[in-house]
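These are the residues of each chain, in order.
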Amino acid sequence: MCRNIKTLFNFDPPVSENEIRAASLQFVRKISGFNKPSKANEEAFLSAIDEVAQASAKLLYSLETTAAPKDREEEAAKAKARGASRFRGDGRDPAVV
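In this report, the structure presented in the accompanying data block is examined. (Residues numbered from 1 in each chain as written. Predicted model: local features only at pLDDT ≥ 70, side-chain atom pairs only at ≥ 80, totals over all residues. Heavy atoms only, no water.)

## Quick notes on the overall build of the chain
The helix and strand inventory of the chain stands at 3 helices and 2 strands. The helix and strand sequence of the chain, counted from the amino end, reads β-α-α-β-α. By the burial criterion, 20% of the 97 residues in the chain qualify as buried. Excluding contacts between residues fewer than 6 apart, the proportion of contacts in the chain whose partners are at least 24 apart in sequence is 64%. Here the chain has roughly 7400 Å² of accessible surface; of this, 55% comes from carbon and sulfur atoms. (Helix = DSSP H or I, 4+ residues; strand = E, 2+ residues; numbered from the N terminus. Buried < 20%, exposed > 50% of the residue type's maximum accessible area, 1.4 Å probe, protein only. Contact = heavy atoms within 4.5 Å. Areas by Shrake-Rupley, 256 points an atom, 1.4 Å probe, with all protein chains shown as cover.)

## Description of the nonpolar core
Residues I5, L8, V15, I20, A23, A53, A57 and L60 constitute the largest nonpolar core, which totals 8 residues. The set of elements that each furnish at least two residues to this core consists of α1 (17–32) and α2 (39–62). Counting residues per element, this core draws most heavily on α2, which supplies 3 residues. Beyond its immediate sequence surroundings of up to four residues, L60 is in contact with L8, F9, V15 and I20. (Core = buried A, V, L, I, M, F, W, Y, C linked by side-chain atoms within 4.5 Å.)

## Here's the deal with helix α3 (residues 72–88)
Spacing of three or four residues puts side chains on the same side of an α-helix, whose turn is 3.6 residues. Here α3 spans 24 Å end to end across 17 residues, near enough to the 24 Å set by a 1.5 Å rise per residue. N-cap assignment for α3: the residue whose side-chain oxygen lies 3.1 Å from the backbone N of E73 is D71. (Expected span 1.5 Å × (residues − 1). Polar contact = N/O pair within 3.5 Å; in protein donor to acceptor, adjacent residues only side chain to side chain.)

## Section: the pattern of salt bridges
Opposite charge on two side chains makes pairing possible when the charged atoms of those side chains draw close. Tallying each qualifying case throughout the model produces 5 salt bridges. The salt bridge involving R72 is made with E19; its shortest N-O contact spans 2.9 Å. With R72 in helix α3 and E19 in helix α1, the pair connects residues that are 53 residues apart, well separated along the chain. R72 sits in the partly exposed class, given a relative accessible area of 24%. (Salt bridge = Lys/Arg side-chain N within 4 Å of Asp/Glu carboxyl O.)

## Overview of the packing of α1 against α2
α2 packs onto α1 with a crossing angle of 130 degrees between their chain directions and a minimal axis gap of 8 Å. Put simply, α1 runs oblique to α2. Helix-helix and strand crossings are classified by hand; for α1 and α2 the assignment is right-handed. Where α1 abuts α2, its residues E17, I20, R21, S24, L25, F27, V28, R29 and S32 lie against F45, A48, I49, D50, V52, A53, S56, A57, L60 and Y61. Its residues placed into classes, the contact of α1 with α2 shows 12 nonpolar, 3 polar and 4 charged. (Axes fitted to C-alpha atoms, helices over the stretch in contact; angles between N-to-C directions. Parallel < 35°, antiparallel > 145°, perpendicular 65-115°, else oblique. Left-handed = near helix turned anticlockwise from the far one by under 90°. Nonpolar A, V, L, I, M, F, W, Y, C, P; charged D, E, K, R; others polar.)

Purely geometric stuff here, so don't read any function into it on its own.
Rendered as C-alpha cells:
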C-alpha cells in the first residue's frame with residue numbers, strides 16, 4: 001500500500017472531507033501512475049478522485065467500533081518514530097520503537 005495513504009477511521013477529532021480527498025488523490029495517483037495527468041486524462045483523473053472520495057466517505061461514516069478513538073498526535077508520533085527507525089538503518093523493528 002502507498003505509505004502516503006493514512007488510516008482515517010476512528011480518530012478524535014473525526015476525519016475531515018479534506019483528509020478523505022487527500023487520501024483519494026494519493027490512491028488515484030498510485031493506481032494510475034500519474035502524479036499529474038495530461039490534459040487528455042485530466043477529466044478522468046479528477047472524476048476518479050471524486051468517486052473514490054465519495055466511496056471512502058460513505059465507508060468511513062458507516063463503520064462502527066467499540067474501541068476508543070485514537071489520538072491523532074499520538075499516532076503521528078508513533079509513525080514518526082517508525083520512520084526514523086526505518087531510515088536510521090539500525091536493523092531494529094520499526095513497529096517496536
